[in-house]
Amino acid sequence: MSHLFLRTLRDDPADAEVASHKLLVRAGYVRRIAPGVYSWLPLGLKVLRQVERVVREEMNGIGAQEISLPALLPRDPYETTNRWTEYGPGLFRLQDRKGGDYLLGPTHEEMFALTVKGEYNSYKDFPVTLYQIQTKYRDEERPRAGILRGREFVMKDSYSFDLTDEGLTQSYQAHRDAYERIFARLGVKYVIVSATSGAMGGSASEEFLAESDAGEDTYVRCLESGYAANVEAVETLAPQAIPFDGLPGAVVHDTPDTPTIESLVTAAAQILGREVTAAETLKNILVKVRQPGGDWELLGIGIPGDREVDDKRLEASLEPAEVELLGDADFTANPFLVKGYIGPKALLDNGVRYLVDPRVVDGTSWITGADESGKHVFGLVAGRDFTPDGTIEAAEVRDGDPSPDGAGALVSARGIEIGHVFQLGRKYTDAFAVDVLGENGKPVRPTMGSYGVGVSRLVAVIAEQQHDDKGLRWPAEVAPFGVHLVIANKDDAAREGAEGLAADLDKAGVEVLLDDRKASPGVKFKDSELLGVPLVVVVGRGWAEGNVELRDRFTGESREVPVASALDEILAAVRG
Ligand code: ATP
Ligand code: MG
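Here is a short report on the structure shown in this document. Computed from a prediction, not measured in an experiment: that's the story for all the values here.

1. Considerations on the sheet that holds strand 29 (residues 558–562)
Working step 1: Pairing is mixed across the open sheet formed by five strands, whose spatial order is 26-25-27-28-29. Taken across any chain shown, the strands that pair with only one partner, and hence form the sheet edges, are strand 26 (512–515) and strand 29. With strand direction ignored, the average angle separating the axes of adjacent strands in the sheet is 25°.
Working step 2: As paired strands, strand 28 (residues 547–552) and strand 29 are joined by five bridges and run antiparallel to one another. Residue pairing in the sheet places Glu549 in a bridge with Glu560 of strand 29.
Working step 3: The strands touched by helix 14 (residues 521–531) within the sheet are strand 25 (483–487), strand 26, strand 27 (535–539) and strand 28, with strand 25 carrying the most contacts at an inclination of about 170°.

Shown next, in the form of structure tokens:
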């Protein structure tokens, strides 16, 4: 440590909110260069390499072959799939000196499809799975929590190529199994949830979420059936349609000064002479939506008044289109939109696309805006009085909501996405006409899977799940060193003994971090807790009596062992 390029910090960085970010900076593992852009210092780089090693071993284990593609990529292939446009502001675009357009790769489906097309041309070559562990670039809107959400980050991305759907299912399953092994080895607590397929396109898709309150993803589970999904992917259990016969006609009532659901519920109770709940009202939210390369268009969204719009669900439902709230200028330009009193009628009459929550089935009756200030319509029946253009999953999912499989209630928790497995299908092989000679002499088109692991993110995730109030606590599999040997005795003999022990451990294949600094034992112990090597060995006061101390960073337990058996005891502890 007297030579190690390391400075630990006493104070948390000012910009850090989550524990892993604070600790990785304080312990000198990473340093910030720009928002979402970080340097790896020696200890951090060692942990990153350990995570890479585990990922690489498990990928090789399923027969995937490692290659490495550039991060700097030409525009053309991404133009072919329209992702140059679709990726929107998340893509780093740049030009070379000749004005040629380039991008920094956010994910590499295009390049892998082209790479396989370039080399393979017969059914005999398949199936094949390729992967890389490589630096990715995404101009994230909100880079966050240090390396947890970077704009430059390390991802393992793999791509499977099969000739049949059954083959794809097998490749997908092999990856899913490999991911389970990876995260178990890394000691990460996680859940597998159904996911939406987002900007990649494709069908079957699942996410691995590390359980953490610091996570940006919310997932729900049904404890009865085992159903688990990212809230973005939850499909609302729609009620049965109700027959129209006998339903009273719609009536417009004066409801002065009721622009909010709360005020409307109070007014409606007075008018109807009974209790009214927010769930009986239909609130209409206006947004504007822009398809990639298109113009902004208005979109009306009708959801039961007792629910809020969940922005992430809304965005996931509309992807790859962008969504924004309406500004004052938009209301001025569209005078039929009466703020606080918007109803389905004005939207449909004026050609505004109108999508409703799946609970708004035919025959449901609503209290909603009458498109005039201070007026609402009561008993407006879906399917009879208005016909929406379709449904949209935009309303929040709540604890206690019925599970989509009807088996019980949903409970929610937060997580951090650490891996994602997709069955892409032929979207990319179609785009590049990747055809190979089939068994019967006719061309066949491979079907693809795409699979990602957040390698650099995992360093933060492990830190997030494993730290305590004193510092980091690495599982042995990813720890930067096997043993942290602290010299806490000024005696020359003790120092020599410690160096001898370090050399013996080194010879036995254990990487040792030797704290040989001229600092007080207190400072050294604090640093050892902050750095988080799983086993701390102290050559201290006990040395005179022929003892060294072994401290387990995980359990906090410590014990004295005789110097003579120290090497064996340490090796046993390290090799567990
Ligand atoms: P997120 O929803 O967190 O933005 P994503 O769904 O866009 O992630 P994928 O395209 O599925 O991510 O990428 C595969 C993996 O790469 C993710 O599961 C995640 O672990 C990791 N990853 C994605 N974006 C980042 C980022 N900005 N910083 C660090 N790791 C990331
Ligand atoms: Mg994902």
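Anyway, onward from the coordinates.
2. Concerning the environment of Gly363
Working step 1: Checked against the element boundaries, Gly363 lands in the loop between strand 17 (353–356) and strand 18 (365–369).
Working step 2: Here Gly363 falls in the buried class, since its relative accessible area comes to 4%.
Working step 3: Measuring from C-alpha to C-alpha, the distance between Gly363 and Val18 comes to 48 Å, with 345 residues separating the pair along the chain.
Working step 4: In contact with Gly363, not counting residues within four places along its chain, are Ile242, Phe244, Leu247, Val381 and Ala382.

3. Things to note about the packing of helix 1 (residues 19–26) against helix 12 (residues 455–466)
Working step 1: Following both chains from N to C, one finds helix 1 and helix 12 inclined at 105°, their axes separated by 8 Å at the closest point. Considering the angle they form, helix 1 stands roughly perpendicular to helix 12. Here helix 1 contributes Ala19, Ser20 and Leu24 to the contact with helix 12, which in turn contributes Val459, Ala460, Ala463 and Glu464.
Working step 2: The residue inventory of the contact of helix 1 with helix 12, partitioned by class, reads five nonpolar, one polar and one charged.

4. What about the packing of aromatic side chains?
Working step 1: One pass over the full model with this rule turns up 10 aromatic pairs.
Working step 2: Here Tyr354 and Phe386 contribute two aromatic rings whose centre-to-centre distance is 6.3 Å and whose plane-to-plane angle is 55°, an arrangement assigned as tilted. Taken together, the positions of Tyr354 in strand 17 and Phe386 in the loop between strand 19 (375–381) and strand 20 (390–391) put the pair 32 residues apart, joining distant regions of the chain. Considered together, Tyr354 and Phe386 belong to a single accessibility category, that of buried residues.
Working step 3: Members of the aromatic cluster, each reached through a chain of ring pairs, are Tyr179, Phe183, Tyr190 and Phe208.
Working step 4: Of note, Lys339 hangs over the ring of Phe331, and the distance from its end group to the ring centre comes to 4.9 Å.

5. Comments concerning the sheet that holds strand 6 (residues 101–104)
Working step 1: Pairing is antiparallel in the open sheet, where three strands are placed in the order 4-6-5. For this open sheet the edge positions go to strand 4 (72–74) and strand 5 (92–95), each flanked by a neighbour on one side alone. Pairwise comparison of adjacent strand axes, ignoring direction, gives a mean angle of 35° for this sheet.

Parameters and conventions
Residues numbered from 1 in each chain as written. Chains lettered and ligands numbered in written order. Predicted model: local features only at pLDDT ≥ 70, side-chain atom pairs only at ≥ 80, totals over all residues. Heavy atoms only, no water. Pairing = 2+ DSSP bridges. Helix = DSSP H or I, 4+ residues; strand = E, 2+ residues; numbered from the N terminus. Axes fitted to C-alpha atoms, helices over the stretch in contact; angles between N-to-C directions. Contact = heavy atoms within 4.5 Å. Buried < 20%, exposed > 50% of the residue type's maximum accessible area, 1.4 Å probe, protein only. Parallel < 35°, antiparallel > 145°, perpendicular 65-115°, else oblique. Nonpolar A, V, L, I, M, F, W, Y, C, P; charged D, E, K, R; others polar. Phe/Tyr/Trp six-rings, centres within 6.5 Å; stacked < 30°, edge-to-face > 60°. Lys NZ or Arg CZ within 6 Å of the ring centre and 35° of its normal.

Any functional reading would require information that these geometric values do not contain.
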